[in-house]
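Given next are the chains, with one letter for each unit.
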Amino acid sequence: MGYHAERVRYSPIVQRPPVRWPGGARVAVWVAPNVEHTEYLPPPNEHMDPWPRTPHPDVREYGFHDYGNRVAFWRLLKVLDRHGIRATVSLNVGVLDHFPEITQAMVERDWDYMLHGVFNTRYLYGATADEERAFYQDCIATVQKHTGKTPKGMLGPAITGTVRTPDLMAEAGLIYHADWIHDDQPVPLEVSGDRRMISIPYSYELNDGPLLKANVDGAEWAEMCKAQFDRLYREGARTGMVMPFSVHPFRIAQPARIDYFESVLEHIRRHDDVWLTTGDEIAQYYLDHHYDEAVAHLAEMARYTSGRRHAG
Amino acid sequence: MDHGLYEWSVLPDRPRLVWPDEARLAVGVVVQLASADEDVTPGLRAASLLGGLGKRPHPDVPLLAHRAYGHRVGVFRLLDALEQYGVPATVAMDVATATRYPFLVDHVLDRGATIVAAGRSAVDLVSEQAAEEVERAYIADTLDALERLTGTRPRGWYGPEYSESTRTPRLLAEAGVGYTLNWVNDDQPYRMTDGLVALPPTYELDDANALLQRKVTISTYGRMLTDSFDVLYRESSDSGRLYLLHLRPWITGQPFRIGQVERALAHVAAHREVWRASTDDMVQAFLQPA
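Residues numbered from 1 in each chain as written. Chains lettered and ligands numbered in written order. Predicted model: local features only at pLDDT ≥ 70, side-chain atom pairs only at ≥ 80, totals over all residues. Heavy atoms only, no water.

1. Re the pattern of salt bridges
Here's step 1: Tallied over the full model, the rule gives 42 salt bridges over all chains.
Here's step 2: One salt bridge in this structure joins Arg133(A) and Asp130(A), with 3.4 Å as the shortest N-O distance. Here the residue Arg133(A) and the residue Asp130(A) both occupy positions in helix α5 (residues 129-147), the gap between them amounting to three residues, near one helical turn.
Here's step 3: One salt bridge in this structure joins Glu262(B) and Arg231(A), with 2.5 Å as the shortest N-O distance. Placement of the pair is Glu262(B) in helix α8 (residues 255-269) and Arg231(A) in helix α8 (residues 218-235), with the two residues belonging to separate chains.
Here's step 4: Look at Glu262(B) and you get buried, because its relative accessible area is 12%.
Here's step 5: Here Arg231(A) falls in the buried class, since its relative accessible area comes to 9%. (Salt bridge = Lys/Arg side-chain N within 4 Å of Asp/Glu carboxyl O. Helix = DSSP H or I, 4+ residues; strand = E, 2+ residues; numbered from the N terminus. Buried < 20%, exposed > 50% of the residue type's maximum accessible area, 1.4 Å probe, protein only.)

Dropping the structure here:
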């Protein structure tokens with residue numbers, strides 16, 4: 001456990017005070033398109049090479065990802081518009097500087113902005129505390145400048161981070177971190193000082209990124225997403241659950257896949273008691289209504305001892 | 001034979017295996033509750049662990065968090081499914097879990113689970129490189145700790161990631177362990193040379209193997225579970241067979257996968273002459289047929 005146990009106190013989902021979403025919704029659903037840019041010539045990082053296939057540039061990989069911003073983003077947008085979905089963009093903030101058309105489309109729709117680094121070819125691994133502090137300031141300022149909104153959360157750049165990440169995120173005024181795929185509900189993370197920070201559910205297994213690299217394509221992905229939703233919806237009668245959609249336009253909005261994505265949205269929208277919302281709203285609602293109760297419960301669980309079982 | 005760990009035997013030539021109440025098939029599920037520690041036990045190798053986004057630099061949040069999901073959420077789905085379909089739970093628990101999750105120890109015992117020893121932590125790989133005294137101490141420390149933390153000395157053993165040295169079966173027998181889940185080479189239990197019983201899970205149905213390594217789809221996995229049962233059930237008309245699943249809460253306890261396990265268990269429960277049992281009870285029945 002190590003690092004996980006340092007940041008996350010144990011609370012089994014069956015023991016927690018129930019989560020109640022607005023309007024008695026069973027499942028809070030949030031759609032997170034990862035809008036990214038991968039650089040033609042990324043700077044070297046000793047911890048991870050974005051294009052290990054060849055000395056840079058790797059134009060095949062560059063082109064495959066660039067398709068997302070030139071074509072697939074716009075195809076995804078149509079589907080989201082058709083279903084009235086306000087997305088939580090997991091954003092490489094460099095996109096705002098480079099691609100004004102995308103910025104404009106997101107601003108017009110009042111999306112929420114979850115930080116996801118500057119480019120998907122820049123990592124937090126190896127960052128000093130000062131570098132990481134400057135990184136948050138820069139990312140937040142960039143989003144504010146282009147959109148007028150202040151981001152509340154982060155999915156680590158290419159899911160990288162340091163041991164200080166939750167502390168420094170909280171220091172920068174962020175309230176949620178999406179890297180932790182350890183639960184179906186938001187849960188408090190331990191951070192320094194008296195700040196508050198939570199994780200909210202995200203997924204790498206239902207994520208179209210890793211998924212479509214495997215033995216799975218649109219039809220199977222849709223089947224998994226529907227199975228996920230159906231189970232959470234059933235269990236959500238007892239305590240509110242969260243279903244994330246972590247998608248990448250250059251993958252899910254390929255011609256062969258976009259209809260499967262839409263079929264999942266249609267499936268979900270056929271149900272009542274669903275809160276179709278954003279990561280920011282889930283996080284804020286949880287902090288306002290459930291966080292204190294959750295912290296009290298964690299303190300209680302920390303005192304749990306298995307007294308009657310100890311033989312010696 | 002290139003080793004002396006057990007006497008060679010081919011299944012069709014064996015005496016008839018008789019389960020309690022003339023059941024054809026013994027059905028069990030091993031739920032693995034193991035923790036992905038970042039530090040390996042001194043003297044052992046570090047296992048290369050599945051989960052998250054593959055091996056990442058420290059802090060590897062995706063991998064640690066993915067596995068923690070099992071202890072926080074997934075295990076309750078699996079245990080509920082077992083309870084619903086009347087399969088006594090067998091929990092392969094490591095010392096790290098028993099130490100850090102006293103709630104789970106009580107929870108699984110309250111549900112009547114049998115606990116099998118699963119080493120100190122998932123990251124420990126027992127191998128030929130471990131000195132004999134290191135491995136002997138590892139086994140003893142694991143059993144002692146689990147006895148202290150759960151109230152009972154485990155009868156069964158699972159080496160993290162099915163790991164063993166050439167000495168393991170002997171050292172386990174010397175330590176008083178009755179059976180091992182490490183050997184996946186049969187559809188029946190069998191005796192090993194040192195007195196240990198091998199109780200083989202079906203490796204092809206192991207969720208890490210099928211779903212993460214081979215990446216079969218959820219519906220294919222569900223079909224594998226029932227197809228496998230059907231063939232074993234058919235074959236068990238002449239001699240008893242074993243259908244033993246090995247599942248991890250952070251894999252099959254995910255919302256999109258649990259339904260396939262439930263469907264398989266419902267399929268099992270719809271058959272007569274099936275004995276749903278813990279691994280302890282299976283080994284007991286194998287050694288002392290009624």
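2. Quick look at the interface of chain B and chain A
Here's step 1: With 48 residues of chain B at the interface, the matching set in chain A holds 55 residues.
Here's step 2: Between chain B and chain A the total buried area reaches about 4,200 Å² when both faces are included, carbon and sulfur atoms providing 62% of it.
Here's step 3: Sorting the residues of chain B by area buried against chain A places Arg72(B), Phe103(B) and Phe256(B) first, and these three jointly supply 19% of that buried surface.
Here's step 4: Applying the counting rule to chain B against chain A returns five salt bridges.
Here's step 5: When the shortest N-O distance is used, the salt bridge between Asp183(A) and Arg72(B) registers 2.8 Å.
Here's step 6: The tally of links between chain B and chain A comes to 19 residue pairs in polar contact (both at pLDDT 80 or more).
Here's step 7: Secondary structure elements with two or more residues in the side of chain B that touches chain A: α1 (61-84), α3 (102-110), α4 (132-150), α7 (218-235) and α8 of chain B.
Here's step 8: Ranked by residues supplied to the side of chain B that touches chain A, first place goes to α1(B) with 12 residues.
Here's step 9: The residue makeup of the side of chain B that touches chain A, split by class, is 25 nonpolar, 10 polar and 13 charged. (Contact = heavy atoms within 4.5 Å. Buried area = accessible area lost by both parts, 1.4 Å probe. Polar contact = N/O pair within 3.5 Å; in protein donor to acceptor, adjacent residues only side chain to side chain. Nonpolar A, V, L, I, M, F, W, Y, C, P; charged D, E, K, R; others polar.)

3. Focus on empty space enclosed by the protein
Here's step 1: For the structure on display, the rule yields five cavities of 30 Å³ or more.
Here's step 2: Volume-wise, the largest cavity comes out at about 130 Å³.
Here's step 3: Together, 16 residues line the largest cavity, and Ile181(A), Asp184(A), Tyr202(A), Ser203(A) and Gln254(B) are the ones closest to its centre.
Here's step 4: Contributing elements (two or more residues each) for the lining of the largest cavity: β8 (241-247) of chain A together with α1 of chain B.
Here's step 5: Taken together, the residues of the lining of the largest cavity break down into nine nonpolar, four polar and three charged.
Here's step 6: What the second largest cavity holds in volume is close to 110 Å³.
Here's step 7: Mapped onto the lining of the second largest cavity, the elements with two or more residues apiece are β6 (187-189) and α12 (291-302) of chain A.
Here's step 8: In terms of residue count, α12(A) provides more of the lining of the second largest cavity than any other element does, four residues in total.
Here's step 9: A per-class count over the lining of the second largest cavity returns eight nonpolar, four polar and two charged. (1 Å grid on protein atoms, 1.4 Å probe; cavity = no way out; pocket = protein on both sides within 12 Å on 5 of 7 lines; lining within 4 Å. Points joined across faces, edges and corners; volume = space filled by probe spheres on them.)

4. What to know about the packing of aromatic side chains
Here's step 1: Throughout the structure, instances matching the rule amount to 25 aromatic pairs over all chains.
Here's step 2: On the basis of an interplanar angle of 70° and a centroid distance of 5.7 Å, the ring pair of Tyr304(A) and Phe103(B) is categorised as edge-to-face. Here the residue Tyr304(A) occupies a position in the segment after α12, and Phe103(B) occupies one in helix α3, the pair thus bridging two chains.
Here's step 3: Residue Tyr304(A) is classed as partly exposed on the basis of its relative accessible area of 27%.
Here's step 4: Under the relative-accessibility criterion, Phe103(B) is labelled buried at 7%.
Here's step 5: For the pair Tyr6(B) and Tyr190(B), a centre-to-centre distance of 5.1 Å together with 75° between the ring planes defines the contact as edge-to-face. Within this pair, whereas Tyr6(B) is found in the segment before β1 (25-33), its partner Tyr190(B) is found in strand β8 (residues 190-191), the two being separated by 184 residues in sequence.
Here's step 6: Classification of Tyr6(B) as buried rests on a relative accessible area of 11%. (Phe/Tyr/Trp six-rings, centres within 6.5 Å; stacked < 30°, edge-to-face > 60°.)

5. A look at the packing of α1(B) against α8(B)
Residue and element names in this part refer to chain B.
Here's step 1: The interhelical angle for the contact between α1 and α8, taken along N-to-C directions, is 20°, at an axis separation of 9 Å. Compared by their axis directions, α1 and α8 come out roughly parallel. For the crossing formed where α1 meets α8, the hand is right-handed. Mapping the contact onto sequence places Tyr69, Arg77, Leu78, Ala81 and Leu82 in α1 and Pro255, Ile258, Val261, Glu262 and Leu265 in α8. (Axes fitted to C-alpha atoms, helices over the stretch in contact; angles between N-to-C directions. Parallel < 35°, antiparallel > 145°, perpendicular 65-115°, else oblique. Left-handed = near helix turned anticlockwise from the far one by under 90°.)

6. Re the layout of surface pockets
Here's step 1: In this structure, the largest pocket occupies an estimated 1,200 Å³ of space.
Here's step 2: Lining the largest pocket are 50 residues, and of these Gly209(A), Pro210(A), Lys213(A), Leu53(B) and Arg56(B) lie nearest its centre.
Here's step 3: For the lining of the largest pocket, the secondary-structure elements that each account for two or more residues are α2 (59-82), α7 (208-211) and α9 (249-252) of chain A together with α6 (207-213) and α8 of chain B.
Here's step 4: Of the residues in the lining of the largest pocket, the class split is 24 nonpolar, 14 polar and 12 charged.
Here's step 5: The wall of the second largest pocket is formed by 17 residues, among which Ser9(B), Arg14(B), Pro189(B), Tyr190(B) and Arg191(B) lie closest to the centre.

7. Focus: the packing of α1(B) against α3(B)
Helix packing for two helices is described by the angle between their axes and how far apart those axes are.
Residues and elements named next belong to chain B.
Here's step 1: The contact between α1 and α3 brings their axes to 12 Å, and the two run at 5°. By the angle class used here, α1 and α3 are roughly parallel. For the pair formed by α1 and α3, the contact residues are His71, Val75, Phe76 and Leu79 on the first element and Phe103, Leu104, His107 and Val108 on the second.
Here's step 2: Residue composition of the contact of α1 with α3, grouped by class: six nonpolar, two polar and no charged.

8. Looking at the confidence of the model for chain B
Here's step 1: Per-residue pLDDT for chain B averages 97, and the proportion of residues at 70 or more is 100%.
Here's step 2: With a pTM of 0.97, the predicted complex shows an ipTM of 0.96. (pLDDT = per-residue confidence, 0-100.)

9. A look at the side chain of Asp208(A)
Residue and element names in this part refer to chain A.
Here's step 1: Topologically, Asp208 is positioned in helix α7.
Here's step 2: No salt bridge is formed by the buried Asp208, whose closest oppositely charged neighbour, Arg251, lies at an N-O distance of 5.5 Å.
Here's step 3: In this structure the side chain of Asp208 is engaged in a polar contact, spanning 3.2 Å, whose partner is the backbone nitrogen of Ile252.
Here's step 4: Not counting residues within four places of it along the chain, the set of residues in contact with Asp208 comprises Trp221, Ser246, Val247, His248, Arg251 and Ile252. (Lys, Arg positive; Asp, Glu negative; His and termini not counted.)

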